[in-house]
Every structure is written in structure tokens, then in C-alpha cells.
Amino acid sequence: MVKRRKSRQITVGGLKIGGGAPVVVQSMTSTKTHRVEETLEQIKRLHAAGCELVRVAVPHREDARAIRDLVKESPVPIVADIHFAPSLAFEAMEAGAHGIRINPGNIGKEELVKEIVEEAKRRGVALRIGVNSGSLEKDLLEKYGHPTAEALAESALRWSEKLEDWGFLNFKVSIKGSDVLQNYEANRRFAARSEAPLHVGITEAGMGLKGAVKSAVGIGLLLFEGIGDTVRVSLTDDPVKEVEVAYEILKALGLRRRGVELIACPTCGRIEVDLPKVVRQVEERLKNYDKPVKVAVMGCVVNAFGEAREADVGLACGRGFAWLFKKGKPVKKVSEEEMVEELLKAINEL
Ligand code: SF4
């Protein structure tokens, strides 16, 4: 059981982050934000996949203004992602954004950061303070020579202490690098010295399997140590995939339960059935099932009941048939043709 770090709780549009709340899954749209219909369509798909907070890119004024329409229809809180232009942060808040993400390092003067903080305080908007190697302050680069884990943690601490001194606590911090171990070390250093909630992730993790594995290792290492109040998996892909991978990471660590947790045997010489085909069918049929359930699909009866005892329901396949079992006990013998249907029926009866 993962013991979570004690962090301060914040709220973003009513959504609680940190302070013992479940680890929040978030993602970012890949549409042009001002194309409201397209952006909303993606936000709704993300929500259907379990995404609880969505960030949208705000590179131009038209994107900041579009937030007014997005917040009216979005089923989840919206965070505006702002870089370099403080004026866009004010416009996004004016339009009703629930949260603003800034990297103080690329906003420029401290005074401008303070003005954004004051406005967020006045409007009850949450902030995310981002620190990454590309936006590290000059003096820290000079002190450490390059963006080390120590430099990233020091920058994050510096900014979070400033916000606290300015009387603003409704913020979270993200420290991100694309190097897994540097990312891990920087977050650990910060977490040991601050109670601010942490958004964790690996930037530019990449595509497909590689991106998912890199994210799972990078985010998983931190979560296993109790560090991380909200996660975003960054993939070069449909953002819905980010949400799916995030839930798999959280489910593997017992931090969230959502949808199907599928246990499938690795197969061996005893196999009498096309198991990958059965697993694919089960996955496909259950992809929109959002209640937590553990399902096992095993290639034979030899070890199935024992190995999958913890599963709520499962199949132990033989030649042309399968035993349907519940909690490790066989309840019914079914034919190969009907086994997937019978499994789904048993899940619906749970
Ligand atoms: S469940 Fe059966 S087929 Fe699957 S790995 Fe174990 S022994 Fe082999």
C-alpha cells in the first residue's frame, strides 16, 4: 500500500487536488483552442475516458477568449496554459478559466508574476507553477552550470515560497524534465521541503509503447514514494491515450480503481486456445466499462483458479470450452463460442 505524502489541498473549479484527495488524472487538448467545437468534442472524449481536469493551450488572444464558451459546456474544470505573455493570463481569467498554468521563468519580471497571483487570488482561480529545464532562471543556471535536479527543485521552492509569502496558497507545482531520473530526483527534493501539491509527469515521453513505458517508470517511481497529487502522461498521440495510460499506472499502484483490471496469463505450451484473440475481444467489449472490476483470462485450467483467485470473474480456457469462475471458484462450463458473452454477463451481474 502506497503511503501518500502529506500535501496541502487546493481546488480547481471545485475539483480537490492534494491533501488526501484521490490522485487526479488530467490531460491537455491537442486542438486549436479557439476552434471551440473541436476542442469541446475532445474535452468530452477525455472526460468519457476518465479525465478529471483539462488544460488548453493559450498562445493567442482568440484562444483566451474561447475559454468563455468552453467553460460553459465543459464537464471538467479548464486550465489555461500560458507562456511568455502575462496579458493572456488575465484574459483567460476574465473568460472564466478555473486554473492558470505559468512558468514564472518565462513570464519575465517577478512583478508580473505577482500581478497574476493577485488576480488569481481575487478571482478564486488556481495556479500551477511550472518549472522545467527550458525556463530555469539565469542565476540558477550560473550557480549549477546546467539544469540539474538541484537547480529545478531550488527554482520550484523559490517560487512556491514567494507565492506563500504573497498570501496565496491555491497553487500546485510541477517540475518536469524529459530525463526520468533527473525528474525523479528534482521532485523528491522539492517534496521533502514543501507541502505544495505536486503535478507529476514526464515531458515529451514520446509515442506509443515507448512513451507509455517511460511515463510509467517516471511517474510510477514518484507515486510509489507517495509523491504526486495529480498526473499527466504526455504522449505524442491522441490525448485519450494519455488518460488510459495514467489510469493503468494508478491502478497498478492501487491508487485508483476504474474500469477493468485485466489479468491475462502469459501463455505457455499448455495453451489450447487463441488467448490473445480472446483477450482482445474482452478488452474491446469492456473498453467503456468504468466500474472497477478485476477480470482474469487464463490459457488453461492448471493454475487458473489459484493464480487468479483475486479476480472478481474470469475464464480458464480448455480445448473448445472454458470454465467461468468467480473469486477463484468454477461456476459454469461454457463453450468457446459463448465464453466472452458469458463473461460479460457475469460482470454485469456482479
Ligand atoms: S494459465 Fe495455463 S496456459 Fe497460461 S501460462 Fe499458466 S499454465 Fe500456461
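From a predicted model like this one, the values you see are computed outputs, not experimental measurements.

Reading the values: rules and limits
Residues numbered from 1 in each chain as written. Predicted model: local features only at pLDDT ≥ 70, side-chain atom pairs only at ≥ 80, totals over all residues. Heavy atoms only, no water. Helix = DSSP H or I, 4+ residues; strand = E, 2+ residues; numbered from the N terminus. Buried < 20%, exposed > 50% of the residue type's maximum accessible area, 1.4 Å probe, protein only. Contact = heavy atoms within 4.5 Å. Areas by Shrake-Rupley, 256 points an atom, 1.4 Å probe, with all protein chains shown as cover. Domains from an automatic or database assignment. Polar contact = N/O pair within 3.5 Å; in protein donor to acceptor, adjacent residues only side chain to side chain. Pairing = 2+ DSSP bridges. 1 Å grid on protein atoms, 1.4 Å probe; cavity = no way out; pocket = protein on both sides within 12 Å on 5 of 7 lines; lining within 4 Å. Points joined across faces, edges and corners; volume = space filled by probe spheres on them. Nonpolar A, V, L, I, M, F, W, Y, C, P; charged D, E, K, R; others polar. Near = heavy atom within 4 Å. Core = buried A, V, L, I, M, F, W, Y, C linked by side-chain atoms within 4.5 Å. Axes fitted to C-alpha atoms, helices over the stretch in contact; angles between N-to-C directions.

S.K.: Report on the overall build of the chain, specifying residues and quantitative values.
M.R.: The helix and strand inventory of the chain stands at 13 helices and 15 strands. Over its C-alpha atoms, taken along the principal directions, the chain stretches across nearly 70 × 45 × 30 Å. Relative to its 350 residues, the chain shows a buried fraction of 53%. Within the chain, contacts between residues at least 6 apart in sequence are counted, and of these 62% link residues at least 24 apart. For the chain, the exposed surface amounts to about 16,300 Å²; the carbon and sulfur share of it is 50%.

S.K.: For the domain arrangement of the chain, give the residues involved together with the corresponding values.
M.R.: Segmentation of the chain into domains returns domain 1 (10-252) and domain 2 (260-349). Placing the centre of domain 1 and that of domain 2 at their C-alpha centroids yields a distance of 39 Å.

S.K.: Which residues make up the environment of Arg256, and what are the values?
M.R.: Relative to the helices and strands, Arg256 is located in the loop between helix 10 (239-252) and strand 11 (260-264). Each C-alpha atom, one on Arg256 and one on Val24, is 9.2 Å from the other, the two residues being 232 residues apart in sequence. Once you skip the residues sitting within four places of it in the chain, Arg256 turns out to touch Pro22, Val23, Val24, Val25, Glu52, Tyr247, Leu250 and Lys251. At a separation of 2.8 Å, a polar atom in the side chain of Arg256 contacts the side chain of Glu52.

S.K.: Requested: an account of the pairing of strand 15 (residues 329-335), with residues and values cited.
M.R.: Two strands pair when backbone bridges link them, and strand 14 (residues 321-326) and strand 15 are joined in this way by 6 bridges, in the antiparallel orientation. Across the sheet, residue Ala322 finds its bridge partner in strand 15, namely Val334. Connecting strand 14 to the antiparallel partner strand 15 that follows it, the hairpin turn spans 2 residues, and Lys327 within it adopts a positive phi of roughly 50°.

S.K.: Outline the layout of surface pockets, supporting the account with residue identities and numerical values.
M.R.: Reported here for the largest pocket is a volume of approximately 790 Å³. In this structure, the largest pocket is lined by 25 residues; those nearest its centre are Glu244, Glu248, Lys251, Leu286 and Lys287. Every element with two or more residues in the lining of the largest pocket is listed here: helix 1 (36-48), helix 9 (208-224), helix 10, strand 11 and helix 11 (275-285). Here the lining of the largest pocket gets 7 residues from one element, more than from any other, and that element is helix 10. In terms of residue class, the lining of the largest pocket is built from 12 nonpolar, 2 polar and 11 charged. Composition of the lining of the largest pocket by domain shows at least three residues from each of domain 1 (10-252) and domain 2 (260-349). In this model, the second largest pocket occupies a volume close to 240 Å³.

S.K.: Just give me the short version of the site of the ligand, but keep the residues and values in it.
M.R.: In the vicinity of the ligand, the contacting residues are Cys265, Pro266, Thr267, Cys268, Arg270, Gly299, Cys300 and Asn303. A breakdown of the residues in the shell around the ligand according to their chemical character gives 4 nonpolar, 3 polar and 1 charged.

S.K.: Would you mind going over the nonpolar core in detail, with residue names and values included?
M.R.: Soluble, globular proteins show a tendency: their nonpolar side chains are buried together. Residues Ile82, Ile100, Leu127 and Val231 are the most contacted members of the largest nonpolar core, which totals 72 residues. The residues touching Ile100, leaving out its near neighbours within four places in the chain, are Val79, Ala80, Ile82, Ala89, Ala92, Met93, Val125, Ala126, Leu127 and Arg128. Core analysis: the next-biggest nonpolar cluster, separate from the first, contains 31 residues, Leu286, Val313, Phe325 and Ile347 among them.

S.K.: Let's hear about the sheet that holds strand 12 (residues 293-298): which residues, and what values?
M.R.: The strand order 11-12-13-14-15 describes an open sheet built from 5 strands, whose pairing is mixed. The open sheet is flanked by strand 11 and strand 15, the only strands paired with a single partner. On average, adjacent strands in this sheet sit at an angle of 20° to one another, irrespective of strand direction. Here strand 13 (residues 313-317) runs beside strand 14; their pairing, made up of 5 bridges, is antiparallel. Within the sheet, the bridge partner assigned to Ala316 lies in strand 14 and is Trp323. Its contacts with the sheet put helix 11 on strand 11, strand 12 and strand 13, and the angle it makes with strand 12 is roughly 160°. Together, strand 12, strand 13, strand 14 and strand 15 form the strand contacts of helix 13 (residues 339-349), whose direction differs from that of strand 13 by roughly 160°.

S.K.: Please provide a residue-by-residue account of unusual backbone geometry, values included.
M.R.: Phi is mostly negative for residues that are not glycine, and the peptide bonds are mostly trans. Here the phi dihedral of Phe84 falls at roughly 70°; this positive angle occurs in a residue that is not glycine. Relative to the assigned elements, Phe84 resides in the loop between strand 5 (78-81) and helix 3 (86-94). The class of Phe84 is exposed, set by a relative accessible area of 61%. Positive phi values are uncommon outside glycine, yet Thr267 reaches one of about 75°. Within the element layout of this structure, Thr267 appears in the loop between strand 11 and helix 11.

S.K.: Describe the sheet that holds strand 6 (residues 99-102), naming the residues involved and giving the relevant values.
M.R.: With parallel pairing, 8 strands are arranged side by side around a closed barrel as 3-4-5-6-7-8-9-10. Pairing between strand 9 (residues 198-200) and strand 10 (residues 230-231): 2 bridges, direction parallel. Considered in strand 10, the bridge of Val200 is made with Val231.

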